[in-house]
Amino acid sequence: MEMQLPPHEGDELSVVDMHTGGEPLRIIHSGYPEIKGDSVLSKRRYVREHLDHLRRVLMFEPRGHYDMYGALVVDSELPEADLGVLFMHNEGYSTMCGHAVIALGRFAVDYKLVKEPQSPETQVNIHCPCGLVKAFVEYSEGKTGGVRFLSVPAFTFATDVTVSVEKFGDVTVDISYGGAFYAFVDAKRFGLDVTTSRTRDLVDAATAVTNAVKSQVKLHHPTSDDLAFLYGTILTDGKDDYSSDPTANMCVFAEAQVDRSPTGSGVTARVALQYHRGLIQLNQTRTFQSGATGSQFTGRAVEETKCGDFKAVVVEVSGRAFYTGVSRFVQEPEDKLTHGFLLK
């Protein structure tokens, strides 16, 4: 029996669902109204100000959940870009998302956004709000596989910053940028372990740090004020010295949202921080493990560069993404919960 859409009002929203290291990605490829703006950043502002109800429809229950993550495919103003993308989550819109880039690399090749795939790798240029990110998708005999990407310039903003954290007192953090700004702190400072402690306890500690840094540290980015905000806090196992063994972390971002993956932009920022401290050299590969799921990415600094006055590096991050399904979402006008809700 052919499945028919039920009676509904307005356009259907068509999505492809994927996950990267356990972190969901809902790719929205049709159903949005026209998104105005002459740049990806201006389109990000437009959807935030005019179309945010659709973010709630797709990210929140009953169609999504508290930790759902989304990517809206848009046109880019850059001629070299294969696609532009806007990232969304439970709080709003991010500027960079590595797990999404890994998934979007496969999606772009499989859904013919790249016209002539090449073996053994196909390059996909993805224009994120933070800038152009180059992804390289394994491709053989018509099938896609693992993905690696080269980050925008990543840099350490500040080290050994002391902030006053509610319930925990003074806490020393590092702040680094990998397409988004993160605060980094060893989970042991709170008596926690990123792989064995209760997720609720890790979330509470990380959220308290995020709130403290937001209120006590003024961030700035050399190229755009739109990028100058703290996205979240990453708790680590403290194993920053170079080793062939995996190092674990857990990222809590947006409104206390937990990343199930090792966090692509977080790995980027953490590699930049380790390079800044002299703990890792160019082209030394480290394995980063999610404290939530045990999934792994690899990361390495491949090139020195600059971002304004900051010494920066380009970081290569590698991982795998997988498809979980496709959906066509509708809204019924009589449904009082159609615009979405969250349980906190």
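Structure: above.
Definitions and cut-offs
Residues numbered from 1 in each chain as written. Predicted model: local features only at pLDDT ≥ 70, side-chain atom pairs only at ≥ 80, totals over all residues. Heavy atoms only, no water. Helix = DSSP H or I, 4+ residues; strand = E, 2+ residues; numbered from the N terminus. Rg over C-alpha atoms; globule rule 2.2 N^0.38 Å. Contact = heavy atoms within 4.5 Å. Areas by Shrake-Rupley, 256 points an atom, 1.4 Å probe, with all protein chains shown as cover. Lys, Arg positive; Asp, Glu negative; His and termini not counted. Charge placed at Lys NZ, Arg CZ, Asp CG, Glu CD. Buried < 20%, exposed > 50% of the residue type's maximum accessible area, 1.4 Å probe, protein only. Patch = residues over 30% accessible without salt bridge, like charges linked within 9 Å, V, L, I, M, F, W, Y side chains within 5 Å. Salt bridge = Lys/Arg side-chain N within 4 Å of Asp/Glu carboxyl O. Phe/Tyr/Trp six-rings, centres within 6.5 Å; stacked < 30°, edge-to-face > 60°. Lys NZ or Arg CZ within 6 Å of the ring centre and 35° of its normal. Polar contact = N/O pair within 3.5 Å; in protein donor to acceptor, adjacent residues only side chain to side chain.

Student: Mind showing me how you'd approach the overall build of the protein chain here?
Tutor: For the protein chain, the count of helices and strands is five helices and 18 strands. Since a compact globule built from 344 residues should have a radius of gyration of about 20 Å, the 20 Å found for the protein chain is in line with a globular shape. Projected onto its principal axes, the C-alpha positions of the protein chain cover 60 × 45 × 40 Å. Summarising the internal contacts of the protein chain: among those between residues at least 6 apart in sequence, 63% fall at separations of at least 24. Accessible area for the protein chain stands at about 15100 Å²; split by element, carbon and sulfur atoms hold 47% of it. Taking the average place of the 34 positive charges on the side chains of the protein chain and the average place of its 45 negative ones, the gap between the two points comes to 2 Å.

Student: Looking at this model, I keep getting lost on helix α1 (residues 40-50). Mind explaining?
Tutor: For an α-helix, 3.6 residues make a turn, and residues three or four places apart therefore share a direction. Every buried residue belonging to α1 is among V40, L41, S42, K43, R44, Y46 and V47, and all of these are buried. Tucked inside the fold, the buried residues of α1 contact α2 (52-59), β3 (70-74), β4 (83-88), β5 (93-94) and β6 (121-128).

Student: Hey, could you run me through α2 in this one?
Tutor: By the criterion of burial, α2 is predominantly enclosed, with six of the eight residues buried. Among all positions in α2, only D52, L54, R55, V57, L58 and M59 are buried.

Student: Can you help me understand a nonpolar patch on the surface in this one?
Tutor: A contiguous nonpolar surface patch, about 340 Å² in accessible area, is contributed by Y111, L113, Y323 and V326. Relative to the helices and strands, Y111 resides in the loop between α3 (98-110) and β6.

Student: Would you explain the packing of aromatic side chains in this entry?
Tutor: Two measures describe an aromatic ring pair: the distance that separates the ring centres and the angle between the ring planes. Counted by the stated rule, this structure contains 14 aromatic pairs. Among the aromatic residues, those joined into a ring-pair cluster are Y69, Y182, F184, F229, Y231 and F253. Between the NZ or CZ atom of R55 and the centre of the ring of Y93, over which it lies, the distance is 5.8 Å. Here the basic side chain of R148 rests over the ring of F136, its NZ or CZ set 4.3 Å away from the ring centre.

Student: What's the story with the environment of F157 in this structure? I'm lost.
Tutor: By secondary structure assignment, the location of F157 is in strand β9 (residues 154-165). Residue classification places F157 among the buried residues on the basis of a relative accessible area of 16%. Remark: the alpha-carbon pair of F157 and G238, spanning 81 residues in sequence, is separated by 19 Å. Other than its neighbours up to four places away in sequence, F157 contacts I175, S176, F181, V217, K218, L219, H220 and F310.

Student: Quick question: what am I supposed to make of the side chain of N90 here?
Tutor: Here N90 shows up in the loop between β4 and β5. Among the polar contacts listed, one links the side chain of N90 to the backbone nitrogen of E255, at a separation of 3.2 Å. Excluding residues within four positions of it along the chain, N90 makes contact with R55, F60, Y66, M68, A254, E255, Q257 and L342.

None of this, on its own, says anything about what the molecule does.
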